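The chain contents come next:
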Amino acid sequence: MRQMKRKACTAFLLVILLTVMNGCGEKEQIRVIELPPLELEVMDAEKLRINSIQEYAGIGREDQRLHLAWGENADLLCLMKVEGGSYLYQTIDTKSNTVVSSVCVDERAADMSNIAVAPGGRYVSYEIENGGGGMELMIFFPESGLRQTLHTWEDPQETFSYVWSDDGTKLLSWQNGDTKNPYADWCITEYHLESVSEDTQDSSFKGRRTEFLMEGQGHSWRMVLPNADGSEIYVREQFRTFNDSMPEEAVNQEDHGRDALNWLLTENATKRELAEYSQASVYPVKYTPLGLFVQEEDGALSLVEEISAEHPQKRELFPAADGQYAPVVCICENGDHVFFTEWLEDSRYQISGVRMIDGEPEGEPVVLYRDNYDSLIRMTVWQDQAVIFWGTEPLDHEQYHYKVTVLEY
């Protein structure tokens, strides 16, 4: 993490809007972003504050199915879109507004789903129908053009979830807990992508994988959170939240009265069941060296510092918000910066943030950015140096405007 040397923010920052959706834009547009008034900011130089704001905007269409990630530096945008019936992967230098590279990922765009660009943009994962009624999990290497099959299965109703490690080197896959047989054994698989030689032309995955066999316990939400490099994985099966959201006739009576189960998995394929830490349903947000951050049903954020202890304790950090909507929480890989997206009105939101010192917030969150937007798609932290988020708003029945914003701190 870079040493934080901050000066007081000015009330206005100039930013350049770059149209990246349809190749190089010929015309740059200048826009002024208004930050919170200086008198509302905390002027202590040690508090979290923003160094710069950058925006990159463009026009998309619903049939292009846009997917974004940030590259290995804060000026490189990685973009997946449908064009000519195929999925293209593009890297865009947002400073010069040029397309650095453009490569076809797969010609079968109509059959692709669950697309995810790895942090840093080195890999793209997706599911696709194999033409015989089954499904395949694929991985694409943009630099070499290599495409490999990680996993195949015959029943398309067997659904999976996926998450990338923060460093973008490991992909985790697991079966969901709302399948037709939630008592069947299920598996968490960690694919080590750096173990693959991109010189090969083999379409089957030859790299290292780590598998954790789990026993089916019934209808549940299954949540899998790797640490930054994927060497440890926190797993939670939440039963009560799932069953409370289901019609009474759809709930298996054996599931009633059960709250949750927790595990900690390690890279050498060990699996340890953990003690329960919450008397109510929670949503795990981030597993970090500081501990496990969880969000309560009312939106409050708590921290479990010793998740492996015999009697782990959950400590509230931030109370529930007063607004109509619970804030979206985003936490850096080390757990020492916490960011909130809060809706002030239906289409107006603000980003606030706070530093964490030894598991304690350093004061109240500071408002970093406010704007109007129709919907927020994703928010992430880049190498604990910038908060990146993007959203869309409709222009007409065929097109929408999208915007990527980078808050460097």
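Residues numbered from 1 in each chain as written. Predicted model: local features only at pLDDT ≥ 70, side-chain atom pairs only at ≥ 80, totals over all residues. Heavy atoms only, no water.

The next point concerns the overall build of the chain. The secondary structure content of the chain amounts to 1 helix and 31 strands. Relative to its full complement of 409 residues, the chain shows a buried share of 51%. Taking as baseline every contact in the chain between residues at least 6 positions apart, the subset at least 24 positions apart corresponds to 48%. In the structure as shown, the chain presents an accessible area of about 19,200 Å², 46% of it carried by carbon and sulfur atoms. (Helix = DSSP H or I, 4+ residues; strand = E, 2+ residues; numbered from the N terminus. Buried < 20%, exposed > 50% of the residue type's maximum accessible area, 1.4 Å probe, protein only. Contact = heavy atoms within 4.5 Å. Areas by Shrake-Rupley, 256 points an atom, 1.4 Å probe, with all protein chains shown as cover.)

Okay, the nonpolar core next. In terms of nonpolar packing, the biggest core is built from 19 residues, with Phe 339, Phe 389 and Leu 407 touching the most fellow members. When residues of this core are traced back to their parent elements, those giving at least two are β26 (348-357), β28 (366-372), β29 (375-382) and β30 (386-394). Aside from chain neighbours lying at most four places away, what touches Phe 339 is Leu 48, Val 328, Val 329, Cys 330, Ser 352, Gly 353, Leu 368, Met 379, Val 381, Val 387 and Tyr 409. (Core = buried A, V, L, I, M, F, W, Y, C linked by side-chain atoms within 4.5 Å.)

Next up on the list: the layout of surface pockets. By volume, the second largest pocket is sized at about 250 Å³. Contributing to the lining of the second largest pocket are 15 residues, with Pro 319, Ala 321, Phe 340, Glu 342 and Pro 365 lying nearest its centre. Going through the elements one at a time, β25 (337-343) and β26 are the ones with two or more residues in the lining of the second largest pocket. Its residues assigned to classes, the lining of the second largest pocket shows 10 nonpolar, 3 polar and 2 charged. (1 Å grid on protein atoms, 1.4 Å probe; cavity = no way out; pocket = protein on both sides within 12 Å on 5 of 7 lines; lining within 4 Å. Points joined across faces, edges and corners; volume = space filled by probe spheres on them. Nonpolar A, V, L, I, M, F, W, Y, C, P; charged D, E, K, R; others polar.)

For the rest of this paragraph, the subject is the environment of Gly 218. With respect to the secondary-structure elements, Gly 218 resides in the loop between β15 (208-214) and β16 (221-226). For Gly 218, a relative accessible area of 0% corresponds to the buried category.

With respect to topology, 4 strands assemble into an open sheet ordered β12-β13-β14-β15, the strand pairing being antiparallel. With partners counted over all chains shown, the strands left at the sheet margins are β12 (160-164) and β15, one partner each. Strand-to-strand twist in this sheet, taken as the mean axis angle between neighbours without regard to direction, amounts to 15°. Looking at chain direction, strand β14 (residues 186-192) and β15 are connected through 7 bridges and run antiparallel. The partner of Trp 186 across the bridge, within β15, is Met 214. (Pairing = 2+ DSSP bridges. Axes fitted to C-alpha atoms, helices over the stretch in contact; angles between N-to-C directions.)

Bringing the side chain of Lys 403 into the picture now. Along the chain, Lys 403 turns up in strand β31 (residues 399-408). Polar side-chain contacts of Lys 403 include one of 2.4 Å to the side chain of Asp 371. (Polar contact = N/O pair within 3.5 Å; in protein donor to acceptor, adjacent residues only side chain to side chain.)

When pLDDT is averaged along the chain, the result is 82; 83% of the residues meet or exceed 70. Note on residues 1-43: pLDDT is under 50 here. Beyond four places in sequence and across chains, it has 107 contacts. Note that pLDDT drops below 50 for residues 249-253; the model gives that stretch 7 contacts with residues more than four away or on any other chain. (pLDDT = per-residue confidence, 0-100.)

Our focus in this paragraph is the sheet that holds strand β8 (residues 112-117). Each strand in a sheet pairs with another by means of backbone hydrogen bonds, the pair being arranged parallel or else antiparallel. The strand order across the open sheet built from 4 strands is β8-β9-β10-β11, with neighbouring strands paired in antiparallel fashion. Each edge of the open sheet carries a strand with a single partner, namely β8 and β11 (146-153). With strand direction ignored, the average angle separating the axes of adjacent strands in the sheet is 20°. Of the strand pairs in this sheet, β8 and strand β9 (residues 124-129) are connected by 4 bridges, and their pairing is antiparallel. Bridge pairing in β9 places Ala 116 opposite Ser 125.

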